[in-house]
Each structure stands twice: as C-alpha cells, then as structure tokens.
Amino acid sequence: MSLAALLVASPFLLLILNSVKTEAGYARGGPLSWPTSLSFGAWSTYIADVDYPAALVNSVLISGLVAVFGVAVGLLAAYAIGIGRIRGRTAITGVLLFATMLPQEALLYPLFSGAQALGLRNTIWSVVIVFTVLQGAYGTYLLSSLLSTFPRSVLEAAALDGAGRFRILWRIVLPAMRPTLSVLLVFFFIWTWNEFYIPMVMLTDPGSQTVPIALSTLKGQNTIDITELNAGSLLSLLPTLLFFLLFQRTLTRGVTAGAMK
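Sequence order as written defines the numbering, with residues in each chain counted from 1. Per-residue local features are limited, in this predicted model, to residues with pLDDT of at least 70; the limit for side-chain atom pairs, both in listing and counting, is 80 or more; totals at the level of whole chains, interfaces and linings are taken over all residues. No hydrogens and no water enter the side-chain calculation; it runs on all heavy atoms of the structure.

Section: the overall build of the protein chain
Logical step 1: By definition, any uninterrupted DSSP run of H or I lasting at least four residues is a helix, any uninterrupted run of E lasting at least two residues is a strand, and each is numbered from the N terminus. Per the secondary structure count, the protein chain includes 13 helices and zero strands.
Logical step 2: Helices (α) and strands (β) of the protein chain occur, in sequence order from the N terminus, as α-α-α-α-α-α-α-α-α-α-α-α-α.
Logical step 3: For the protein chain, the C-alpha atoms occupy an extent of roughly 75 × 50 × 25 Å along the three principal directions.
Logical step 4: Type-normalised accessible area, obtained with a 1.4 Å probe on protein chains alone, sets the label of each residue: buried when under 20%, exposed when over 50%, and partly exposed for intermediate values. Buried positions account for 39% of the 261 residues belonging to the protein chain.
Logical step 5: Should any heavy atoms of two residues lie within 4.5 Å, those residues are counted as being in contact. Counted over contacts in the protein chain with a minimum sequence separation of 6, partners at least 24 positions apart contribute 76%.
Logical step 6: Surface exposure here means Shrake-Rupley accessible area, sampled with a 1.4 Å probe, where a residue is shielded only by the protein chains that are shown. Carbon and sulfur atoms form 68% of the exposed surface of the protein chain, whose accessible area is close to 14700 Å².
Logical step 7: None of His or the chain ends enter the tally, which takes Lys and Arg as positive and Asp and Glu as negative. In this description, the location of a charge corresponds to atom NZ of lysine, CZ of arginine, CG of aspartate or CD of glutamate. Separation of charge centres in the protein chain, based on 15 positive and 10 negative side chains, amounts to 20 Å.

Here's the deal with the confidence of the model for the protein chain
Logical step 1: Known as pLDDT, the predictor's per-residue confidence is scaled from 0 to 100. Taken over all residues, the pLDDT of the protein chain has a mean of 86, while the share at 70 or more is 93%.
Logical step 2: When mean pLDDT is taken per element in the protein chain, helix 4 (residues 52–83) scores highest with 93 and helix 13 (residues 248–257) scores lowest with 61.

A look at the packing of aromatic side chains
Logical step 1: Stacked, tilted and edge-to-face are the three classes applied to pairs of Phe, Tyr and Trp rings, where Trp contributes its six-membered ring and a pair requires centres within 6.5 Å; stacked means planes under 30 degrees apart, edge-to-face means over 60, and tilted covers the rest. All chains considered together, the criterion is met by seven aromatic pairs.
Logical step 2: Ring plane angle 50° and centroid distance 6.0 Å describe the contact between Phe188 and Trp191, whose orientation is recorded as tilted. Placement of the pair is Phe188 and Trp191 together in helix 9 (residues 165–193), with a separation of three residues, close to one helical turn.
Logical step 3: What makes Phe188 buried here is its relative accessible area of 0%.
Logical step 4: Here the aromatic cluster, defined as three or more aromatic residues joined through ring pairs, consists of Tyr138, Phe187, Phe188 and Trp191.

Remarks on the packing of helix 4 against helix 9
Logical step 1: Every axis corresponds to a line fitted to the C-alpha atoms, with the helix fit spanning only the stretch in contact, and the corresponding angles, defined between N-to-C directions, vary from 0 to 180 degrees. Two elements in contact, helix 4 and helix 9, have axes whose closest approach is 8 Å; the angle formed by their N-to-C orientations is 140°. Put simply, helix 4 runs oblique to helix 9. Two packed elements cross with a definite hand, and for helix 4 against helix 9 that hand is right-handed.
Logical step 2: Across the contact of helix 4 with helix 9, the residue classes break down as 21 nonpolar, five polar and one charged. Oblique is the label for every angle not falling under 35 degrees (roughly parallel), over 145 degrees (roughly antiparallel), or within 65 to 115 degrees (roughly perpendicular). For any helix crossing, the convention is left-handed if the near helix is rotated counterclockwise from the far helix by under a right angle, and right-handed if that rotation is clockwise. The classification used treats Ala, Val, Leu, Ile, Met, Phe, Trp, Tyr, Cys and Pro as nonpolar, Asp, Glu, Lys and Arg as charged, and all other residues, Gly among them, as polar.

Digging into the side chain of Ser233
Logical step 1: As for its placement among the helices and strands, Ser233 is situated in helix 12 (residues 226–246).
Logical step 2: Residue Ser233 is classed as buried on the basis of its relative accessible area of 19%.
Logical step 3: Apart from the residues within four sequence positions on either side, Ser233 is in contact with Leu15 and Leu215.

Notes on the nonpolar core
Logical step 1: Within the largest apolar cluster, 35 residues are counted, with the highest numbers of intra-cluster contacts made by Tyr46, Leu147 and Val173.
Logical step 2: Counting only elements with at least two residues in this core, the list comes to helix 3 (41–50), helix 4, helix 7 (124–147), helix 8 (152–160), helix 9, helix 11 (211–216) and helix 12.
Logical step 3: Looking at this core element by element, the count peaks at 13 residues for helix 9.
Logical step 4: Apart from residues no more than four positions distant in its own chain, Val173 is found in contact with Tyr79, Ile83, Leu147, Phe150, Leu155 and Ile168.
Logical step 5: Formed by 12 residues, the second largest nonpolar core is a distinct cluster that contains Leu108, Ala115, Val127 and Leu203. In this text, buried Ala, Val, Leu, Ile, Met, Phe, Trp, Tyr and Cys residues form a nonpolar core when linked through side-chain atoms within 4.5 Å.

Some details on the side chain of Thr227
Logical step 1: Mapped onto the elements, Thr227 comes out in helix 12.
Logical step 2: Any pair of N or O atoms that falls within 3.5 Å is considered a polar contact. Within protein, one atom must be able to donate a hydrogen and the other to accept it, and sequence-neighbouring residues count only if both atoms are side-chain atoms. For Thr227, the side chain forms a polar contact with the side chain of Asp225, separated by 2.6 Å.
Logical step 3: Those residues in contact with Thr227, other than ones at most four positions away along the chain, are Asn18, Ser19, Lys21, Thr22, Glu23, Tyr26 and Ala42.

Some points on unusual backbone geometry
Logical step 1: In this structure, Asp51 is a non-glycine residue whose phi angle is positive, near 55°.
Logical step 2: Note on placement: Asp51 falls in the loop between helix 3 and helix 4.
Logical step 3: Taking the relative accessible area as the measure of exposure, Asp51 reaches 42% and is therefore partly exposed.
Logical step 4: Although it is not a glycine, Asn122 adopts a positive phi angle of roughly 70°.

Structural notes on a nonpolar patch on the surface
Logical step 1: Each patch is built from residues lacking any salt bridge and having more than 30% relative accessible area; the joining distance is 9 Å for like charges and 5 Å for nonpolar side chains (Val, Leu, Ile, Met, Phe, Trp, Tyr). Each salt bridge in this description consists of a side-chain nitrogen of Lys or Arg and a carboxyl oxygen of Asp or Glu lying within 4 Å of one another. Together, Val68, Phe69, Trp125, Ile129 and Val133 make up an exposed nonpolar region whose accessible area comes to about 460 Å².
Logical step 2: At the level of secondary structure, the elements contributing two or more residues to the nonpolar patch comprise helix 4 and helix 7.
Logical step 3: Per element, the largest residue contribution to the nonpolar patch is three residues, and it comes from helix 7.
Logical step 4: In this structure, Ile129 sits in helix 7.

Here you go:
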C-alpha cells in the first residue's frame, strides 16, 4: 500500500521537486534531477506574473457559489420530481440527463451571446449561473432517483402531523439526504474549480480570471519557464487538495452511508 501511495503521489512530488529549482538548474539536470539548492523564485515569479491572489479569490468564489447553488437547485428540483411526483417526471429526468451529456462546445455560443446581452461577461456571475444550471441538472438527475425510493409512510406521517411540504423537506428529507448532499457539494466544488473552456471564453479580463486560466497564460508562443509552470500548477492544486482533506471524512461518510439512514 505504501508503494501504491507513493506511485499515486509521484506526480505531485515531481511538481514540488521542479518548482524549487532554478530555470538553469532544470535545464542542466532535467525534471528528475535533485535540486542543488532550494529556490522559490519560480513561486514569486508566478504570483507576480498572473496576479495569483485575485485569481484565487475568483476561483474560490465561483466554485463555492456553484457548489452551494447547484446542490440547492438539485435538491429542490429532485424533491418535486422524486417525492412530488409531478407529471412528465420521466421525460424531465431524461432531458436533464441529456443536458449533462452535451459537450460544452455546443453550448458555448448561446451562453456567450446571452451573457453579453445581459452585461454579465467578464463577471463571475456569467460562470456561476452557467455551472449552477449544469451541476444542478446532474444533481437533480441523481437525487430524484434516490428520493423516489423515500419511504412514503414517513412522509404521510409527517403530513398527518400537520407538516407542510417545505417543513417535510427541511425536517425529514434534508437530514436523511445530508450525506449524499455533502458528497455532491465536494464534487461540485472540485469540478467547477477545474473547469477551463467556458471560463476562458467568459472571463477575458485578467482581473476576473480563475486559477486554471491564469496558469494557461504562462504558455508563451515560443518559450516557457518550466519551473514557473510547475510552481503555478502546484499552487493551483493546493486549494482543492486542502478542500478535499478538510472534507475527506464527510466525503467518506457520505459514500458509505448512502442516501437513507
């Protein structure tokens, strides 16, 4: 298991190794050589070149808002489809599944035109709205199938006690679904953080760019500083790694506990 863990961690360790080299040291020894001395010049150069603090704030805001809004939209829609049993729920679920399968290239032009018409281009809301809908569609498809198996006797007992639909959702359904919602929250955050294509088109202003887009600006037409690219890649991974470590126990409980207690 230790060898397997080392193998999995080797790309991350390679990033660390090359991010503390000088450009001359990397050119002399290659990617697998041990650095003769530790240098954090690539880190400071990357932070200065791409305005990393601003990109970090944008990525955290976008990913956090999409994760929260996507889970909320998915839960509300799935509650109506899975428990409310609205008409045409099978067709609606099929449409949502189809929407999650569409390539982003097919959606880009209408999304860009809509964002430009509403004056949302180069703002985080142009990306937040798009990915909230996309992640919410996936969450609705997943949660509606789980909520369709929710014990009807529990819902009927709550209704007999005088609980309305919103109270049933808040007091009965939400606590039972909390492990699954926690898993979706973590996944939505990480998936949105790693998104590149739509944010690259929507956020052309350097002040509104996310971390993956800022990292891509290091790739020049003819030259590229490999040590700075490694430092930027490492700094891009650290927030999601810390987020995953903080919510690792929640993620594990959510996967093992399932949707129902």
